[in-house]
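Examining the three-dimensional arrangement
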Amino acid sequence: MTLLDGTGWQGKIYSGGWVDGSGEPYPVVSPSTGEQLATMGRATQADLHKAAAVASDVQRDWAGRPYNERAAVLRRAGDLWHANAEEITGWLMRETGAIGPFGGFQIMTSAEECYEAAALASAPYGELLRSALPRLSMSRRLPVGVVGVIAPFNVPTILSIRAVAPALALGNAVLLKPDPRTAVSGGALVAEILAQAGLPDGLLHVLPGGAEVGEALVTEPAVRIVAFTGSSRAGRSVAALAAQHLKRVHLELGGNSALLVLDDVDVDAASSVGAWGSFAHQGQVCMAAGRHLVQAGVADDYVAALAARADHLPVGDPTSGQVALGPVIDAGQRDRIHAFVTGSVDAGARLAAGGTYEDLFYRPTVLADVPTTAPAYTDEVFGPVAPVVRFDTVDDVVRLAADTPYGLSLGILTRDVMRGLEIAERIPSGLVHINDQTVNDEAAIPFGGVKDSGTGARLGGSAANLEAFTDTQWVTVRGTLPPYPM
């Protein structure tokens, strides 16, 4: 079985019927080689409005089907992720720059998202409520109708399917706007898997377009909920626009997550944890360890160990051999990363490793003695950069870790686990990992950040997904008509 490869697909996915893109064709390009991988039809605002009308029409039938029919589609979709793993990995490597193991992680997690969504279809969806009157009183959760999903380029399969799958399982239709740079991995593959799994036509529309299409999605009257993953800056715009139209919006935004390294750790082991947290997928992960806060007694040894690991990590085209890091997504992202690095060195940081690039391949970079005013410390870099700041006391590190507008993920490395838990209570963060790095995700777990990292709304797990993609309806039932004084 194949999804896109070897099926006579010519690269204009619009002809397949599940990508709405009637606008100007554009090339999908490999960041590793510059090779054109496909040609997409760019979605327009007119495409979105047409898709919304179709989705609204077919959604009613889908919501009315028995829950086990919806669950069966999602179970088959989960199996298809695994059955087509080799082809999907190839797309992730070529289109997104992911190395093979990271592509495998995306496939495994995407499959789990579908399996969890299948279970969600049969989950309890209401409760009996007490009433002072002689009647049956209850609440139930009903699908909202059409859900809008806006997904980014960095981990495209997971960050699309984690909203698409539960929304469909609960009886909704979905309009998905992937990043145009990764519209195959984040859109076409998702749609084809669900189509082969038996999802009825018209329930999922993929709309690879720019900001104008995202704006049209948020303002489209048929769309009642928007799930957005992206930068905090863009998230503010989405939230403001959604508020004007009285839309619920779930925001999973940026991060500048801290990894705390206390002086009782094994420094070499800690440097391995820290390297993964900052360099995995070229640092293009919202949960990446953006600030390494290291206790003074082990700071020099930690920087040396981390820099040695960075220097030995191979960087290159993921399809050409065994590499640890692939390319960043495009030249704009590369130049942004390099500006953070050079600006931080100019501010007084010491370049301990990396800081160079060839084409879109940026070397894993370690910055030591970083001033807390340096740009690589204060902002989200979204690249393979590990800024290291030393601290003396626990109170110092709590102040440093909490002094940020972000609040997505937190890692604390220490032999004293209870002390780690006590520290975590003092630092606002949606996710906390004691004795692990900051990049962690599981389909069954509610996920989300606080402060500028998100609205606190969570995706993942049955309770959070049920809350995210349904409306609550209060229902009462009487046995006879009541008398009223009119």
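The present account deals with the structure reproduced in this document.

The buried count for strand 11 (residues 289-295) comes to seven of seven residues, which makes it a mostly enclosed element. With helix 9 (residues 267-279) bridging strand 10 (residues 257-261) and its parallel neighbour strand 11, the resulting β-α-β unit is right-handed. Relative to strand 16 (residues 385-391), strand 11 runs parallel, the two being bridged by four bridges. Within the sheet, the bridge partner assigned to Leu 293 lies in strand 16 and is Val 389.

Counting 96 residues, the largest nonpolar core has Leu 175, Leu 194 and Phe 469 as the members making the most contacts within it. With nine residues, the top contributor of residues to this core is helix 5 (residues 156-169). For Leu 194, the contacting residues outside a window of four places in its chain are Leu 74, Ala 77, Ile 161, Val 164, Leu 168, Leu 199 and Leu 204. Counting residues in hydrophobic clusters, the runner-up holds 29 residues, among them Leu 260, Val 389, Ile 412 and Ile 423.

The next subject is the pairing of strand 15 (residues 365-368). The two faces of strand 15 match: Thr 365 and Leu 367 on one face and Val 366 and Ala 368 on the other face are all buried. Relative to strand 16, strand 15 runs parallel, the two sharing three bridges. Directly across from Thr 365, in strand 16, lies its bridge partner Val 385.

Neighbouring strands of a sheet are bound in pairs by backbone hydrogen bonds; such pairs are parallel or else antiparallel. One open sheet accounts for seven strands, arranged 12-15-16-11-10-17-18; its pairing is mixed. Each end of this open sheet is capped by a strand with a single partner; those strands are strand 12 (350-353) and strand 18 (431-434). Adjacent strand axes in the sheet meet at a mean angle of 25 degrees when their direction is disregarded. Across the sheet, helix 10 (residues 296-312) touches strand 10, strand 11, strand 12, strand 15 and strand 16, and the angle it forms with strand 11 is around 140 degrees.

Between its first and last C-alpha, helix 5 extends 20 Å over 14 residues, near the 20 Å set by a 1.5 Å rise per residue. The largest bend along helix 5 measures about 25 degrees and falls at Arg 162, with the proline Pro 166 one to four residues further on. Among the 14 residues that make up helix 5, 14 are buried, leaving the element largely enclosed by the rest of the structure. Phi turns positive, to about 100 degrees, at Gly 171, one or two residues after helix 5.

Glancing now at helix 3 (residues 85-96). Over its 12 residues, helix 3 extends 15 Å from the first C-alpha to the last, a length consistent with the 16 Å expected when each residue adds 1.5 Å. With respect to burial, helix 3 is a largely interior element, nine of its 12 residues being buried. Along helix 3, the positions that sit buried rather than exposed are Glu 87, Ile 88, Thr 89, Gly 90, Trp 91, Leu 92, Met 93, Glu 95 and Thr 96. In the stretch just after helix 3, Gly 97 is the one whose phi turns positive, near 80 degrees.

With the rule as written, the count across this model stands at 16 salt bridges. A salt bridge links Arg 419 to Asp 264; its shortest N-O distance comes to 3.6 Å. You can see Arg 419 sitting in helix 14 (residues 417-424) and its partner Asp 264 sitting in the loop between strand 10 and helix 9, a full 155 residues away along the chain. Given a relative accessible area of 24%, Arg 419 falls into the partly exposed group. Each of the salt bridges in this network shares a partner with another, and the network as a whole consists of Asp 300, Arg 350, Asp 369 and Arg 390.

What follows covers the packing of aromatic side chains. Under the definition given, this model contains three aromatic pairs. With centroids separated by 5.9 Å and ring planes inclined at 35 degrees, the aromatic side chains of Phe 102 and Phe 105 adopt a geometry described as tilted. Placement of the pair is Phe 102 and Phe 105 together in helix 4 (residues 100-120), with a separation of three residues, close to one helical turn. With a relative accessible area of 29%, Phe 105 lands in the partly exposed category. Centre to centre, the rings of Phe 153 and Phe 382 are 6.0 Å apart; their planes meet at 85 degrees, and the pair counts as edge-to-face.

A few words now on the packing of helix 2 (residues 67-83) against helix 5. Relative orientation of the contacting elements helix 2 and helix 5 amounts to 160 degrees, with a least axis distance of 9 Å. As the angle between them shows, helix 2 and helix 5 are arranged roughly antiparallel. Between helix 2 and helix 5, the contacting residues are Arg 70, Leu 74 and Trp 81 on the first element and Thr 157, Ile 161, Ala 165, Leu 168 and Ala 169 on the second. Residues belonging to the contact of helix 2 with helix 5 are distributed by class as follows: six nonpolar, one polar and one charged.

What counts, and at which threshold
- Residues numbered from 1 in each chain as written.
- Predicted model: local features only at pLDDT ≥ 70, side-chain atom pairs only at ≥ 80, totals over all residues.
- Heavy atoms only, no water.
- Buried < 20%, exposed > 50% of the residue type's maximum accessible area, 1.4 Å probe, protein only.
- Helix = DSSP H or I, 4+ residues; strand = E, 2+ residues; numbered from the N terminus.
- Right-handed = clockwise from strand over helix to strand, strands pointing away.
- Pairing = 2+ DSSP bridges.
- Core = buried A, V, L, I, M, F, W, Y, C linked by side-chain atoms within 4.5 Å.
- Contact = heavy atoms within 4.5 Å.
- Axes fitted to C-alpha atoms, helices over the stretch in contact; angles between N-to-C directions.
- Expected span 1.5 Å × (residues − 1).
- Bend = angle between axes of the 7 residues up to and from the residue.
- Salt bridge = Lys/Arg side-chain N within 4 Å of Asp/Glu carboxyl O.
- Phe/Tyr/Trp six-rings, centres within 6.5 Å; stacked < 30°, edge-to-face > 60°.
- Parallel < 35°, antiparallel > 145°, perpendicular 65-115°, else oblique.
- Nonpolar A, V, L, I, M, F, W, Y, C, P; charged D, E, K, R; others polar.

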